[in-house]
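Architecture and fold: a report
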Amino acid sequence: MIVSGSASQTLAAALARELDEPLATPAYDRFPDGELLAAVPGFAGDRAVIVASTVSSDAHLELLQLQDAVREAGAEEVVTILPYMGYARQDDAFEEGHPISARAVARAISTGADRVLTVNPHETAVCDFFEPSATPVDAAHLLADPLPETIEEPVFVSPDEGAIDLAETVRDAYGDRVDGAAGEVDYFEKVRRSGTEVEITPSDVDVAGRDVVVVDDIIATGSTMSEAVAVCRERGVSRVFVTCVHPLLARNAYAKLSSAGVEAIYGTDTIERSVSAVSVAPALADRL
Ligand code: R5P
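Now for a description of the structure that goes with this document. It should be emphasised that the depicted structure is a prediction, and the values quoted were computed from it without experimental measurement. (Residues numbered from 1 in each chain as written. Predicted model: local features only at pLDDT ≥ 70, side-chain atom pairs only at ≥ 80, totals over all residues. Heavy atoms only, no water.)

**Here's the deal with the packing of helix α5 (residues 223–234) against helix α6 (residues 253–260)**
Two elements in contact, α5 and α6, have axes whose closest approach is 9 Å; the angle formed by their N-to-C orientations is 5°. Put simply, α5 runs roughly parallel to α6. Contact residues: Ser 223, Met 225, Ser 226, Val 229 and Arg 233 in α5; Lys 256, Leu 257 and Ala 260 in α6. Of the residues that constitute the contact of α5 with α6, the class distribution is 4 nonpolar, 2 polar and 2 charged. (Axes fitted to C-alpha atoms, helices over the stretch in contact; angles between N-to-C directions. Helix = DSSP H or I, 4+ residues; strand = E, 2+ residues; numbered from the N terminus. Parallel < 35°, antiparallel > 145°, perpendicular 65-115°, else oblique. Contact = heavy atoms within 4.5 Å. Nonpolar A, V, L, I, M, F, W, Y, C, P; charged D, E, K, R; others polar.)

Structure, rendered in structure tokens:
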């Protein structure tokens, strides 16, 4: 049976359809002191597949309760899918005395799971924090699906070197889709000044008059992508599309990107937003 966390209902339903498995309907309560109660009345079966993006601290807690609830209801195997793993970017201690938050949450989730899958974690090394280690699922190729077929002389760019593989994957998948119109791949240099300020230095690739697709794993505050869009605009690009696996789009990220002059924003349903144009359900179903 598929069980959805409250932040992943659309994806869980898509996965249930993909696998032809029943979908449970969790029930929620909140006590006067603010504590949450997430339950799974009507759970039946030997295997529970819980689909829960941990987009907030409440979502983390909710996942732990769902894991416990299905076990109480008799599940012999609990597979936990983290379409988006919150805290994954805190994969190291920032300074002495700081926690490795990704490890802390991974350990907590591991206690209730027999198996964990997570989609395009920021660094795959984060999978080793789970016990046993989690399986990363690469959904980057799906990002080519919503891109328009009319992209002119495309250049696929990542805002930093770390995301170049994603840009290559999207370029190749787009090339397969649009009859070989592969396009160039490049990356910008990025320096993060603070949580919301980044500086992007463009590469030498000639983007004037061409369409650019900027690819990243996540859009969080939108600072990285809006800087990348602004840099492209300054260099006379025709249109800039941005695409990412995890469209977190916190606070004013959407507005920032729009005012920077982006043509369109695309993401997957690992985080359910208005820009979630493609589902990772088929990629997950392949791994179950
Ligand atoms: C960092 O290396 C990541 O790949 C993303 O570029 C970053 O986390 C995006 O964050 P924001 O949208 O806040 O700039």
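**Here we look at the sheet that holds strand β6 (residues 115–119)**
In spatial order, the strands read β1-β4-β5-β6-β7; together these 5 strands make up an open sheet with parallel pairing. Edge positions in the open sheet fall to β1 (2–4) and β7 (135–137), since each of these has one partner strand only. In this sheet, neighbouring strand axes are inclined to one another by 25° on average, regardless of whether the strands run parallel or antiparallel. Judged from the 4 bridges that link them, strand β5 (residues 77–82) and β6 form a sheet pairing that is parallel. The residue of β6 that forms the bridge with Ile 81 is Leu 117. Across the sheet, helix α1 (residues 9–19) is in contact with β1, β4 (47–51) and β5; its angle to β1 comes to roughly 170°. (Pairing = 2+ DSSP bridges.)

**Some details on the packing of aromatic side chains**
Ring pairs (aromatic) are described by centroid distance and by the angle formed between their planes. Applying the stated criterion to the full structure yields 1 aromatic pair. Plain terms: the ring middles of Phe 156 and Tyr 174 are 5.9 Å apart, the flat faces sit at 55° to each other, and that makes the pair tilted. Here Phe 156 is found in strand β8 (residues 155–158), whereas its partner Tyr 174 is found in helix α4 (residues 164–177), with 18 residues between them in sequence. (Phe/Tyr/Trp six-rings, centres within 6.5 Å; stacked < 30°, edge-to-face > 60°.)

**With respect to the nonpolar core**
Grouped together as the largest cluster of nonpolar side chains are 40 residues, with contacts concentrated most on Leu 15, Val 51, Leu 147 and Leu 284. Here this core spans two domains, and each of domain 1 (2–138) and domain 2 (140–269) adds at least three residues to it. Beyond its immediate sequence surroundings of up to four residues, Leu 147 is in contact with Phe 156, Val 170, Tyr 174, Arg 177, Val 213, Phe 241 and Tyr 266. Of all hydrophobic cores here, the second largest spans 29 residues; its members include Val 40, Ala 75, Val 105 and Cys 127. (Core = buried A, V, L, I, M, F, W, Y, C linked by side-chain atoms within 4.5 Å. Buried < 20%, exposed > 50% of the residue type's maximum accessible area, 1.4 Å probe, protein only. Domains from an automatic or database assignment.)

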